Amino acid sequence: MEGVAIENLVKAFGATVAVDGLSLAVAPGEIYGLLGPNGAGKTTTLRVLAGILTATSGRVSVAGVDVAADTQEAKRRVGFLTGTTGLYARLTARELLTYFGRLHGMATDRVAARIDWIAQTLDFTALLDRRCEILSSGGRQRVSVARAVLHDPPVLILDEPTVGLDVLATRFLRDFVRAERQRGKTVIYSTHYMAEAELLCDRIGLCYRGRLLAEGTPAALRASAGAAAPASSLEEAFLTLVASFERAPPGAASPS
Amino acid sequence: MSRGAGLSTITLVYRKELRETLRDRRTLMVMILFPLVVYPLMSLLLAQVMASKASKGAAHASQVAVSGPPTEAAALRRLLSLETKSFAVQSGGAVTDVESGRLDALVVIAERGAAANAAAETTTTTTTGSPATGGSRGARPVTIVYDETRDGSAQAHERLEKVLAGVLPAQCRPAFAVSDRSVAPGSQVGGYLLSKVLPLVVVVMVMLGAFYPAIDITAGERERGTLETILASPVSRVHLMTGKVLAVATLAAVTGMLNLISISLTMVEGMRLMGGIGEGLRIPWTRTFAALTMVVPSAFLFASVMVAVGAMARGFKEAQNLLTPIYFLCITPAMVAGLGGYELTGVALVAPVVNVTLLARAIVLGTARIGPALLVIASTLVYGALALGLAARLYDSERLLYSDADDRRLSLRDWLRRLAWGAEPARDPSSAARPNINTTTAADALLLFGLAYVLMFFLFFPLQARHPQLGLLVTEWVGLLGLVAIYARATRRTLRQVLVLERPAGRALLGAALCGLSAWAVLGLLAQWIAPAPRELIENLRRQILPPGGRSLALTILLMAVTPAICEEALFRGPILRGLATRVSPLAAAALTGLLFGLFHFDLWRLVPTGLLGVLLSLIAWRAGSIVPSMLAHAINNGCLVMLAQLGLDERAETLGTAAEVALFATAVAVLATGAALVATSPPARGPSGGSSRRQKE
C-alpha cells in the first residue's frame, strides 16, 4: 500500500531486542504519533523505516516500496528529520541543501528552484547564503526541515523533532507538519511529549519495551485505558496501560 | 570550604578520572603498549637493517684500480692486494670505468715532476706517508676518483683513505697527498642528496596531510550529528566512502606536493648559502617533478587506511588514539626504505609504503624503470582500494548508530572481527559475565606477555649479552617460568592448573613428536625460499648453538632445546593461549599466540617462521588439551636444529639443490601432516577430575 506499513517488525542488537514484533499502518494524509518513554524502541523503528537500520525480521514498506528489497528507492521516498540532526557547519544553507538535493538524485536546476520555493515557504530566504554555524537554533531548524522535504517525499519521518526548540520554533514545526498532511503526505511523528501528540496526531500508537501497547485516536486511547471512566489525559492512559502490561504475562499485551 | 575538604574533593575527582581513563583500552594501548613494545621493536628493526647493510657492504670487495708511474702503482697495488676482503684490484682502469660503474674507485698517482706542485695545490687532502714509496722528499699527490652517489663507490673511497693512512707509523713523513675527485655531475649529486630526504619527507607529510581530514570526515561527522542524515540519504556506502577518501587523498596529496616543492627550494637556497661547498650542485627539476606523481598513489593509500580507521572511532579523541599507532606503523617502512641500500626489486616492489618510497628515490636518482614503476603504482592503488572497501564496511549504520544509542563499547573481539569481516558483533551473554578468578582471562594473557616482553628487552637482553649461558638460563627459568609461577600464585591456582599440565593421550604425544621432527624443515625451507635471512644472522644463531669455546652436547641440548621447550611453552601455551581462548575462537587464539611468540623472539627475519611454529604448538596444546605435547614438539624441533648444527649438516644443507630441497620439503610436510592428524584425532587429555580439559570454555 501507499503510506507506511510495518508488519511484525523485530530488531535485535545481539541479545538486546529493541523492537519486538511491532505492526502498524499509516495512510497518506494522516499524522501518526509514536509515543513512548526513552528506550521504548521508537527511534529504532523509525530508523528501520528510513532504511538506516535493517530489520532482523518482519516487513517494512514506505510509499509502496519494500525497504529491505530496495533500500535506496525507499530512502528517496522518505524525508527523515530528527531533533538531534546536525548541519554541516562550514557550508552555507544553500550549499547544504544543494548537496542533499543532489544526493537524492535531483537535477541542479530543479534543486535550485526547490530551494528558492522552500526558503520562501519556510521564511528563511535571507539565511540561504549564511554558513550554518552562525544560524540561530530557529534558523537551523528551518534549514533542517527544508533538507528533509527538499526532494518532496511522500513520507515524512520525524523523530522527536521539537527537542530543544523554543515555543515559536515548535509552533512553526507543528504548522508545517499540518500543512504537509494537507498536501497528502504520510507523517510519522515520534515524541515523548504526550500533550504534543494529542494536539497534532490523528492516531497514536503507544510504544513500550519494543511493542505497541495500544493504538487509536487520542480520545479512543483515553477511553480504552480507563476501567470505569475515560482517563483524564493521554499520560494517565499510558501509565495505566504500562501497569497492566507489567502485570500481564509476556506477549499477552500485544495488540496484533 | 575548608582546605581539607577541597583537597579530598580534588583527590576524589583525580582518582575517578584516573580510573575511568585507565579503563579505556585504547588509551592504555597508546600509553603503555606503544612506547614499551613498539619503540623497542622499531629500534631493533633499525639496528638489524643497519647491521645487515653493514655486513652486505663488508662482504663486498671494492673494485679498484691504480694508475700512475709503474713502480709506485705496482707498489700500491701490492699493498691493496693484501686486503683481500676489502679490495679486488684490477690491473688497469680509467675515470670512465668509475663513471660507468665497472670500478668502484680509481687511485691516480701523480707523475714525479708534478709531485711537489700538485701536493701544494691540493685543497681537500688527506695526508699520509708510505715507506713503500720511500718518499722523504715530500708528499706524492694521489687522487681517489669515485662516485659519491653510489654507496659502493663511496665505501671504496672510505676504505682507500683508511688504507693509505692506516698502515703507516706516525713518524713517517707523508708520501701521498690524497685528494678526492667525484665523477658524479652536479645535478646527480643534487639528486642524490635530495633522494636521501625527499621520499621519507613526502611519505611523512602525505600522512600528516591525511590525518586530520580523515578524522574530521568520519568521527567528526558522527560527533556533529550529521551522520544519521547522510545515512538516510539514498547513497551507497561505497560511494560515500569513496568520496570521502578521495577528498582526504586530495588534501594529503596537496600537502605532500607542497612539501616536496618546498624541500627542493630549500635545498637550492641551502646550496646558495653554503657557497663553495654547494657550488655546482643542481636540483634535477624534471626528475623531482616526476617524483611528484608518487604523491598521488601514496595519498590514496594513506587516505583509505586512515578513513577506514577513523570510521571505527566514535569521536575525535578516539580517532586520534586509533590513528596515532597507524601513523607510526606506516612511517616505519618508509624510514627503513629511506635509509638507503635497498633496491626496488623482488618483494620490495609490492611491499606497501616501502615500494613508493623506493620508487620516489629511484625517480629522483634517474634510475627508475617503467615496468617496476607501474607495478609499484598498481599495487599501491590495489592496497588503497582494499582499505577503501574496508572503510565502507566499517562505516556501517548498524554499528555506528547502535553504539550511539546505548554507548556500548566494542569489545576487542568484535573490533578484530569487524576489521576482518565487517560482521555485526555477535554477543555472547556468557562472555559478559564477570571473569572467574580461576580462569585466565585475555587481559591476563596480554598483561603477562607485556610484562615478559618488557622484562626481556630491558633486563634479560643486557644480562644475556654479558653472560650468554647463565643469562639464557635465568631468562627462561626465572623470567618466563617464574613469571607464570608468580601468576599462578597470584590467582590462587597451582602451576599445573595454569599450564593445563595434564596427562596427554599417547596418540597426541606421538603426533606431537612427528610435528617436532618435521616442523623445523618445513618452516626453515619456507623461510629460505620466501625471505632468506642474512648470512650473519645465521652465523650468529650457529654460534649460539656451537659457541666458539665449545660446549658439551648434553649442555647444549639442555640450554637450547629442553629449557625453551619447558619455559617458553609454560608462558605461551599456558596462560597466554588459554587466556586468549576465552575471548576469541581457539583458532584465532592460536594465531594470536603464534604472533606474540614470534614477536617475543625479537628478530624480524625469524618473525614469520617462529610465529608459525608458535601457531602449530598452540594448536597442538589446544587439541591435546594439555601442554605436554607442545613441550615435546618444541623440544624435538629445537633438538633437531641443535643436532644439525652439531653434525655440520646445516652448512651442507645450504648447498642442497632445488630438487633435493623440494624432496626434503615434501617429506617434511607429509610427516607434519601425519603428526597433525594424529594430534587432531587424539582423545582429550585426562584432567584431575577425569574430564576433558580440551575445551575450557565450551
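Residues numbered from 1 in each chain as written. Chains lettered and ligands numbered in written order. Predicted model: local features only at pLDDT ≥ 70, side-chain atom pairs only at ≥ 80, totals over all residues. Heavy atoms only, no water.

Undergrad: Is there a simple way to explain the overall build of chain B in this structure?
TA: Helix and strand counts for chain B stand at 27 helices and six strands. When the 698 residues of chain B are sorted by exposure, 47% land in the buried category. With an accessible surface of roughly 32,600 Å², chain B has 66% of that area assigned to carbon and sulfur atoms. (Helix = DSSP H or I, 4+ residues; strand = E, 2+ residues; numbered from the N terminus. Buried < 20%, exposed > 50% of the residue type's maximum accessible area, 1.4 Å probe, protein only. Areas by Shrake-Rupley, 256 points an atom, 1.4 Å probe, with all protein chains shown as cover.)

Undergrad: Looking at this model, I keep getting lost on the pairing of strand β3 (residues 31-35) of chain A. Mind explaining?
TA: Side-chain direction in a regular strand flips from residue to residue, so the side chains alternate between the two faces of the sheet. Residue and element names in this part refer to chain A. In terms of burial, β3 is largely enclosed, as five of its five residues are buried. Side chains of β3 alternate between two faces, with I31, G33 and L35 and Y32 and L34 buried alike. Here β3 runs beside strand β9 (residues 203-208); their pairing, made up of four bridges, is parallel. When the sheet's bridge partners are listed, L35 is paired in β9 with L206. (Pairing = 2+ DSSP bridges.)

Undergrad: Even after reading the chapter, I still don't get the interface of chain B and chain A, so can you show me in this structure?
TA: Quite often, the size of an interface is put as the accessible area lost when its parts meet. Listed as interface residues are 20 residues of chain B and, on the opposing side, 26 residues of chain A. Carbon and sulfur atoms make up 52% of the surface buried where chain B meets chain A, a total of about 2,200 Å² over both sides. Close ionic contact of E228(B) with R47(A) constitutes a salt bridge, the shortest N to O distance being 2.7 Å. In this assembly, chain B and chain A are joined by six residue pairs in polar contact (both at pLDDT 80 or more). Looking at the side of chain B that touches chain A, the elements that each hand over two or more residues are α7 (186-223), α8 (227-232) and α15 (397-406) of chain B. (Contact = heavy atoms within 4.5 Å. Buried area = accessible area lost by both parts, 1.4 Å probe. Salt bridge = Lys/Arg side-chain N within 4 Å of Asp/Glu carboxyl O. Polar contact = N/O pair within 3.5 Å; in protein donor to acceptor, adjacent residues only side chain to side chain.)

Undergrad: Teacher, can you tell me more about the sheet that holds strand β6 (residues 78-82) of chain A here?
TA: Strand pairing within a sheet occurs via backbone hydrogen bonds; the two strands may be parallel or antiparallel. All names here are of chain A. In space, the six strands of this open sheet follow the order β6-β7-β8-β3-β9-β10, with mixed pairing throughout. The strands lining the two open edges of the sheet, one partner per strand, are β6 and β10 (211-216). The average angle at which neighbouring strand axes cross in this sheet is 15°, direction not considered. Both β3 and strand β8 (residues 186-191) contribute to a ladder of five bridges, which runs parallel. Pairing of I31 across the sheet is with V187, part of β8. (Axes fitted to C-alpha atoms, helices over the stretch in contact; angles between N-to-C directions.)

Undergrad: Explanation requested: the sheet that holds strand β1 (residues 4-13) of chain A in the structure shown.
TA: All names here are of chain A. The four strands lie next to each other as β2-β1-β4-β5, forming an open sheet whose pairing is antiparallel. Each edge of the sheet is formed by a strand with only one pairing partner; in this case those strands are β2 (16-26) and β5 (65-66). In this structure, strand β4 (residues 57-62) lies alongside β5, joined through two bridges in antiparallel fashion. In the sheet register, V62 faces β5, and the bridge partner there is V65. With respect to the sheet, helix α1 (residues 42-49) is in contact with β1, β2 and β4, its orientation differing from that of β1 by roughly 115°.

Undergrad: How should I be thinking about the packing of helix α17 (residues 442-466) of chain B against helix α18 (residues 468-490) of chain B in this particular structure?
TA: Residue and element names in this part refer to chain B. Between α17 and α18, the least distance of the axes is 10 Å, while the angle of their chain directions is 160°. Taken together, the axes of α17 and α18 lie roughly antiparallel to each other. Handedness of the α17/α18 crossing: right-handed. Within the contact between the two elements, α17 uses D444, L448, L451, A452, M456, F460, L463, Q464 and R466 and α18 uses P468, G471, L472, V474, T475, G479, L480, L483 and Y487. Residue composition of the contact of α17 with α18, by class: twelve nonpolar, four polar and two charged. (Parallel < 35°, antiparallel > 145°, perpendicular 65-115°, else oblique. Left-handed = near helix turned anticlockwise from the far one by under 90°. Nonpolar A, V, L, I, M, F, W, Y, C, P; charged D, E, K, R; others polar.)

Undergrad: Teacher, can you tell me more about the side chain of T563(B) here?
TA: All names here are of chain B. Here T563 shows up in helix α22 (residues 553-580). Of the polar contacts made by the side chain of T563, one reaches the side chain of W477; its length is 3.3 Å. When sequence neighbours within four positions are dropped, the list of residues in contact with T563 reads L473, E476, W477, L558 and E568.

Undergrad: Would you mind going over the environment of M241(B) with me for this structure?
TA: Here M241(B) shows up in helix α9 (residues 237-274). The sequence separation of M241(B) and G389(B) amounts to 148 residues, and the corresponding C-alpha distance is 8.5 Å.

Undergrad: Hey, could you run me through the packing of helix α5 (residues 137-149) of chain A against helix α6 (residues 167-182) of chain A in this one?
TA: When two helices pack together, their arrangement is given by the angle between the helix axes and by the axis-to-axis distance. All names here are of chain A. Orientation of α5 relative to α6, taken along the N-to-C sense of each, is 20°, at an axis distance of 11 Å. By the criterion of interaxial angle, the relationship of α5 to α6 is roughly parallel. For the pair α5 and α6, the sense of crossing is right-handed. Judged by residue contacts, Q141, R142, V145 and V149 of α5 engage F172, L173, F176 and E180 from α6. In the contact of α5 with α6, the residues fall into five nonpolar, one polar and two charged.

Undergrad: Sorry if this is basic, but what is going on with the packing of aromatic side chains here?
TA: Aromatic ring pairs are defined here through the distance separating the ring centres and the angle between the ring planes. Counted by the stated rule, this structure contains twelve aromatic pairs over all chains. Between Y99(A) and F100(A) the ring centres are 5.2 Å apart and the planes differ by 65°, which places this aromatic pair in the edge-to-face class. Residue classification places F100(A) among the buried positions, given a relative accessible area of 3%. Ring geometry for F211(B) versus Y327(B): centroids 5.9 Å apart, planes at 85°, classification edge-to-face. Here the residue F211(B) occupies a position in helix α7, and Y327(B) occupies one in helix α12 (residues 316-338), the gap between them amounting to 116 residues. By relative accessible area, F211(B) is classed as buried at 8%. Ring pairs connect the aromatic residues F449(B), Y453(B), F572(B), F597(B) and F600(B), which therefore count as one cluster. Sitting over the ring of F13(A), K11(A) keeps its end group 5.2 Å from the ring centre. Taking the ring centre of F597(B) as reference, the NZ or CZ of R573(B) above it sits at 4.4 Å. (Phe/Tyr/Trp six-rings, centres within 6.5 Å; stacked < 30°, edge-to-face > 60°. Lys NZ or Arg CZ within 6 Å of the ring centre and 35° of its normal.)

Undergrad: Whenever I open this one, α17(B) confuses me. Can you help?
TA: In an α-helix there are 3.6 residues to a turn, and that puts residues three or four apart on one side. All names here are of chain B. With 25 residues, α17 extends 35 Å between its outermost C-alpha atoms, agreeing within 8% with the 36 Å of an ideal straight helix rising 1.5 Å per residue. In the structure, α17 departs most strongly from a straight axis at M456, where the bend amounts to approximately 45°. Restricting attention to buried positions, one finds in α17 the residues A442, A445, L448, F449, G450, A452, Y453, M456, F457, F460 and Q464. For α17, the N-terminal capping position is held by T441, with its side-chain oxygen 3.1 Å away from the main-chain nitrogen of D444. (Expected span 1.5 Å × (residues − 1). Bend = angle between axes of the 7 residues up to and from the residue.)

Undergrad: What is the right way to look at the side chain of R573(B) in this model?
TA: All names here are of chain B. Its location among the elements puts R573 in helix α22. Taking the relative accessible area as the measure of exposure, R573 reaches 0% and is therefore buried. Within the local environment of R573, its side chain forms a polar contact with the backbone oxygen of G614, the two atoms lying 3.2 Å apart. For R573, the side chain forms a polar contact with the side chain of S618, separated by 3.4 Å. Here R573 is in contact with L499, E568, R578, T593, F597, G614, L617, S618, A621, I627, S630 and H634, once residues within four sequence places are set aside.

Undergrad: What am I meant to see in the pattern of salt bridges here?
TA: Side chains that carry opposite charge are capable of pairing whenever their charged atoms lie near each other. Residue and element names in this part refer to chain A. Taken as a whole, this structure holds 25 salt bridges over all chains when the rule is applied. Measuring nitrogen to oxygen at the nearest pair gives 2.9 Å for the salt bridge that ties D66 to R59. Under the relative-accessibility criterion, R59 is labelled partly exposed at 46%. The partner of R203 in a salt bridge is E215, with the nearest N and O atoms 3.9 Å apart. Separated by twelve residues along the polypeptide, R203 in strand β9 and E215 in strand β10 bring together distant segments of the chain. The class for R203 is partly exposed, based on a relative accessible area of 21%. Taking the relative accessible area as the measure of exposure, E215 reaches 36% and is therefore partly exposed.

Undergrad: Sorry if this is basic, but what is going on with the nonpolar core here?
TA: A general trend in soluble globular proteins is that nonpolar side chains are found buried together. Counting 151 residues, the largest nonpolar core has L24(A), L49(A), L97(A) and F124(A) as its most contacted members. Contact partners of F124(A), with chain neighbours within four places excluded, come to L97(A), I118(A), A119(A), R142(A), V143(A) and A146(A). Ranked by size, the runner-up nonpolar core spans 52 residues in total, among them A452(B), Y487(B), L577(B) and F602(B). (Core = buried A, V, L, I, M, F, W, Y, C linked by side-chain atoms within 4.5 Å.)

Undergrad: I keep staring at a nonpolar patch on the surface and nothing clicks. Help me out?
TA: All names here are of chain B. Nonpolar side chains collect at one region of the surface, where I261, L265, W285 and F289 lie side by side and expose about 350 Å² of accessible area between them. At the level of secondary structure, the elements contributing two or more residues to the nonpolar patch comprise α9 and α10 (285-291). Position of W285 relative to the elements: it lies in helix α10. We classify W285 as partly exposed; its relative accessible area is 32%. (Patch = residues over 30% accessible without salt bridge, like charges linked within 9 Å, V, L, I, M, F, W, Y side chains within 5 Å.)

Undergrad: Please explain the pairing of β2(A) as it appears in this structure.
TA: All names here are of chain A. Inspection of the sheet shows β1 paired to β2 by eight bridges, in the antiparallel sense. Paired with V10 across the strands is D20, a residue of β2. Following β1, the chain reverses through two residues before pairing antiparallel with β2; G14 in that reversal takes a positive phi of roughly 65°.

Undergrad: So what exactly am I meant to see when it comes to the confidence of the model for chain B here?
TA: Residues shown with low pLDDT carry predicted positions that ought not to be read at fine detail. All names here are of chain B. When the pLDDT values of chain B are averaged, the result is 76; 73% of them are 70 or greater. Across chain B, α22 holds the top mean pLDDT of 92, while strand β4 (residues 125-128) sits lowest at 35. This stretch, residues 169-174, has a pLDDT under 50; its non-local contacts, to residues over four places away or in other chains, come to ten contacts. Across residues 404-412, where pLDDT falls below 50, the model places 24 contacts with residues more than four positions away in sequence or in other chains. Scored as a whole, the predicted complex attains pTM 0.58, and scored at its interfaces, ipTM 0.86. (pLDDT = per-residue confidence, 0-100.)

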